[in-house]
Amino acid sequence: PMSMITDDDDDDDDDQEKFGVGQRIASTQALVVGALAGGLALAVPEFVHETILEPTLDLTVNGGSLAQFEFDNDMGSLMAGLFAIVYRYTIRMDGARDQLKQGVVGAFTLTRALGRVTVPASCSSVPLYCGEPLGYLDWNMLTQIGVNVVESGIMFAATAAAMDVCMNKGWIKKFPG
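Residues numbered from 1 in each chain as written. Predicted model: local features only at pLDDT ≥ 70, side-chain atom pairs only at ≥ 80, totals over all residues. Heavy atoms only, no water.

Asker: Is there a simple way to think about the overall build of the protein chain in this case?
Answerer: A count of helices and strands for the protein chain gives five helices and zero strands. Along the chain direction, N to C, the helices and strands of the protein chain fall in the order α-α-α-α-α. Taking all 177 residues of the protein chain together, the buried fraction comes to 38%. Taking all contacts inside the protein chain whose residues are at least 6 apart in sequence as the whole, residues at least 24 apart take part in 71%. (Helix = DSSP H or I, 4+ residues; strand = E, 2+ residues; numbered from the N terminus. Buried < 20%, exposed > 50% of the residue type's maximum accessible area, 1.4 Å probe, protein only. Contact = heavy atoms within 4.5 Å.)

In structure tokens form, the structure reads like this:
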């Protein structure tokens, strides 16, 4: 007997298109492109951060080092790779608004930047008070945030640009809409 095509069969085809081996390959490609693009874009600002700004401005107790630069750049590459996967899912075949692209870059930038702030030992807790100018955030913490926002923004914007180029040239498939 002939089987009838049902809506369930169409759903299976749609699921295969969205979650099959081809999508896993495209996500792996995005991970690699993101890690390489993000790591390369982060290298110079992170090097300046760790070798010039940290020792000069006493931003953290670490004071900056080449080992910290290497670790931060490696972790930045990993973050950029994971970002690229999320970015690919955000930028679907059905089109994406520039605001959505910018929002994803901004969200990842703020998350990385704020997570890297080190609270100075001079702060008191419950409630957190660190001094001028804002009480909760002192000048040192604000400087850390500023430096981290700039370097994170460079890293994630470069990763997004690399992903856009790869998707526009067809090297990496966009996620189905």
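Asker: Explanation requested: the pattern of salt bridges in the structure shown.
Answerer: Close approach of charged atoms allows side chains of opposite charge to pair. One pass over the structure, following the stated rule, counts six salt bridges. The residue Arg-116 makes a salt bridge to Asp-72 at a minimum N-O spacing of 3.5 Å. Of this pair, Arg-116 sits in the loop between α4 (98-115) and α5 (139-168) while Asp-72 sits in helix α3 (residues 66-90), placing them 44 residues apart in sequence. The partly exposed category is assigned to Arg-116, whose relative accessible area is 22%. (Salt bridge = Lys/Arg side-chain N within 4 Å of Asp/Glu carboxyl O.)

Asker: What exactly am I supposed to notice about the side chain of Asn-148 here?
Answerer: Mapping Asn-148 onto the fold places it in helix α5. The residues touching Asn-148, leaving out its near neighbours within four places in the chain, are His-49, Arg-112, Ala-113, Arg-116 and Val-117.

Asker: Even after reading the chapter, I still don't get the nonpolar core, so can you show me in this structure?
Answerer: Soluble globular proteins tend to pack their nonpolar side chains together in the buried interior. If you look at the biggest cluster of nonpolar residues, it comprises 17 residues, and the most contacted ones within it are Phe-83, Tyr-87, Met-163, Met-167 and Ile-172. When residues of this core are traced back to their parent elements, those giving at least two are α2 (21-57), α3, α4 and α5. Beyond its immediate stretch of four places on either side in the chain, Phe-83 contacts Val-104, Val-105, Phe-108, Phe-156, Thr-159 and Ala-160. Core analysis: the second largest hydrophobic core is formed by six residues, Val-117, Cys-123, Cys-130 and Ile-145 among them. (Core = buried A, V, L, I, M, F, W, Y, C linked by side-chain atoms within 4.5 Å.)

Asker: Can you help me understand the packing of aromatic side chains in this one?
Answerer: Remark: the centre distance and the inter-plane angle together describe each pair of aromatic rings, the angle taken between the planes. Evaluation of the coordinates by the stated rule reveals six aromatic pairs. Between Phe-83 and Tyr-87, the aromatic rings sit 5.5 Å apart at their centres with planes inclined by 35 degrees, giving tilted as the arrangement. Taken together, the residues Phe-83 and Tyr-87, both in helix α3 and four residues apart, mark about one turn of the helix. Judged by relative accessible area, Tyr-87 falls into the buried class, the value being 1%. (Phe/Tyr/Trp six-rings, centres within 6.5 Å; stacked < 30°, edge-to-face > 60°.)

Asker: I tried to follow the state of the cysteines on my own but got confused; where do I start?
Answerer: Each disulfide consists of a covalent bond between the sulfur atoms of two cysteine residues. Going through the model one piece at a time under the given rule, you end up with one disulfide. Note on cysteine connectivity: Cys-123 is disulfide-linked to Cys-130, with sulfurs 2.0 Å apart. Residues Cys-123 and Cys-130 are joined through a disulfide that is right-handed, its torsion about the S-S bond being 125 degrees. (Disulfide = S-S within 2.5 Å.)

Asker: Is there a simple way to think about α3 in this case?
Answerer: An α-helical segment advances 3.6 residues per turn. Residues three or four places apart therefore align on the same side. Spanning 25 residues, α3 covers 35 Å between terminal C-alpha atoms, matching the ideal 36 Å at 1.5 Å per step. Buried within α3 we find Phe-69, Asp-72, Asn-73, Gly-76, Ser-77, Ala-80, Gly-81, Phe-83, Ala-84, Tyr-87, Arg-88 and Thr-90. Residues of α3 that are buried sit in contact with α2, α4 and α5. (Expected span 1.5 Å × (residues − 1).)

Asker: What is the right way to read the environment of Thr-111 from this model?
Answerer: Looking at the element boundaries, Thr-111 is found in helix α4. For Thr-111, a relative accessible area of 58% gives the class exposed. Here Ala-107 takes part through its backbone oxygen, which lies 2.7 Å from a polar atom of the side chain of Thr-111. (Polar contact = N/O pair within 3.5 Å; in protein donor to acceptor, adjacent residues only side chain to side chain.)

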